[in-house]
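# Close look at the chain arrangement
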Amino acid sequence: MSIRVGEGAAGTGTGAGTVPKALPAHVIEVGNEPLAGPARNSVGGWPYLGADEDDGGGTGRGTPTRTGRETGTDPGTDPGTAPGADPGTAPRTAAAPAPAHPWPACFCGRRMALFFQLDVPPDIAYFGGDHLLVFHCRTHNDASDPDVTDGRLAPRFWDAPQPHYPSPFWRVLLLPAPELPAGTKPAPDPDAEPSLRPLPLTLRPFEDTPDPYGCGAQVFKVGGIPSWAQSPERYRCGCGAELSYLCQVPEGMEFGDETDALFLGNEIYLLACPDHCDPAAVWPVNQN
C-alpha cells in the first residue's frame, strides 16, 4: 500500500504520536550498462508518454482507463522484462504514432529533460500499474516552492506560477496503464533524452520499516514511508483530495555528472493525487 502524507507519523495531524506500520516498497537501483533501446524503467531514455503501436506497424491508440490500476498489471508489458530494453521496441526511424502526451517544455521554451521513468508496482496503493515520468529543465534548476492556501495547492498547480518563475520548470506525470486493443503494445517516444545516458532501473521489493521517529529508509524508492529530512509536509490537491506519498529521491543523487541533479540536489518526495484528477497532479516536496 501507499501512505497518505503524515498518516500515522509522529508529530503530524492524523495519528500524531504514533509510528506507521511497515509498508511495501521497492528500492530503485540504477544500472551501469547503457540501454541499447527503450525500456519502461530507465534513467533518461525514451519516454513512454501514452502512445501505443500495433504489431503490424499501424497507429492504433489505446484509451487510458483504470484497468491497469485495478488489476495491478500493464496489459502490454511482460512483467519479467525489466530492466533491459523492452522486446520489439528498438529505436525507430519509420513514422510512429504521436504520443498521447507531448514531451513537456519549460516556460523558457526548452524541452525538459527526462530524468527517470518507471512502472509503479501493483502493490503500491492508489498508483499501482501507473507509469511515472519525472522531467526537469536543464537551464532552470531550483527548489520547488508551493503556493498554498489553507493547506491546499493552487488549482492546476502543475501549471501555476512559481516564485520568480511564470510557471514550473519541472513536470511529473503519472499515466494510467492504457487498455490496449489486441495486437498492440505501449510505444515509447521515437526520440531519446539527449542529455542523459540511458540507464536501466531495477526495482527490488522490500518492507519499509519505520524508525522510532516514523521515518522510512533513506534510499531511492517507490512506495513505503518517506524519510522526512525535516518536518512532514501535507498538502491537498487543487481538486481537494489529500495528496499521497509515492516516491522518494535521496538528497544529492546524481543522474549523470554533478550537474545532473533534480531540484538543486534536494531530497525529493513525490506526492500525487490519489483521485488522478490530472496526469500532472504530482507535487515534488523538496527538503534537505
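Preceding this paragraph is the structure being described.
Quick look at the structure, then. (Residues numbered from 1 in each chain as written. Predicted model: local features only at pLDDT ≥ 70, side-chain atom pairs only at ≥ 80, totals over all residues. Heavy atoms only, no water.)

### Topic: the packing of aromatic side chains
- For the structure shown, the criterion picks out 14 aromatic pairs.
- Ring centres of Phe115 and Phe255 lie 5.5 Å apart, and the angle between their planes is 90°; this geometry places the pair in the edge-to-face category. On the criterion of sequence distance, the pair formed by Phe115 in strand β6 (residues 113–119) and Phe255 in the loop between β15 (244–249) and β16 (267–272) is long-range, its members being 140 residues apart.
- The class for Phe115 is buried, based on a relative accessible area of 1%.
- Each ring, one from Trp228 and one from Tyr269, has its centre 4.6 Å from the other, and the planes form 40°; the classification is tilted. Taken together, the residues span a long stretch of sequence, with Trp228 in the loop between β14 (221–223) and β15 and Tyr269 in strand β16 at a distance of 41 residues.
- Among the residues examined, Tyr269 registers a relative accessible area of 0% and is labelled buried.
- The residue whose ring lies beneath Arg111 is Trp103, and the NZ or CZ to ring-centre distance is 3.6 Å. (Phe/Tyr/Trp six-rings, centres within 6.5 Å; stacked < 30°, edge-to-face > 60°. Helix = DSSP H or I, 4+ residues; strand = E, 2+ residues; numbered from the N terminus. Buried < 20%, exposed > 50% of the residue type's maximum accessible area, 1.4 Å probe, protein only. Lys NZ or Arg CZ within 6 Å of the ring centre and 35° of its normal.)

### Comments concerning the environment of Ser144
- Along the chain, Ser144 falls in the loop between β7 (131–136) and β8 (148–149).
- The spacing of Ser144 and Ile268 is 124 residues in sequence and 9.7 Å in space, taken between C-alpha atoms.
- A polar atom in the side chain of Ser144 sits 2.6 Å from the backbone oxygen of Pro284. (Polar contact = N/O pair within 3.5 Å; in protein donor to acceptor, adjacent residues only side chain to side chain.)

### So, the side chain of Glu233
- The residue Glu233 is located in the loop between β14 and β15 in this model.
- Despite its burial, Glu233 remains without a salt bridge, the nearest opposite charge being carried by Arg234 at 11 Å.
- Among the polar contacts made by the side chain of Glu233, one reaches the side chain of Gln287 at a distance of 3.0 Å. (Lys, Arg positive; Asp, Glu negative; His and termini not counted. Salt bridge = Lys/Arg side-chain N within 4 Å of Asp/Glu carboxyl O.)

### Side note on the nonpolar core
- With 60 residues, the main nonpolar core has Phe116, Val120, Leu132, Phe220, Leu246 and Phe255 as its most contacted residues.
- Elements represented by at least two residues in this core include exactly β6, β7, β10 (170–175), β13 (199–208), β15, β16 and β17 (282–287).
- What Leu246 contacts, discounting residues up to four positions off in sequence, is Val120, Ile124, Phe127, Leu132, Leu174, Val222, Gly223, Leu270 and Ala272. (Core = buried A, V, L, I, M, F, W, Y, C linked by side-chain atoms within 4.5 Å. Contact = heavy atoms within 4.5 Å.)

So, to be careful, I would describe these as geometric facts and stop short of saying anything about function.
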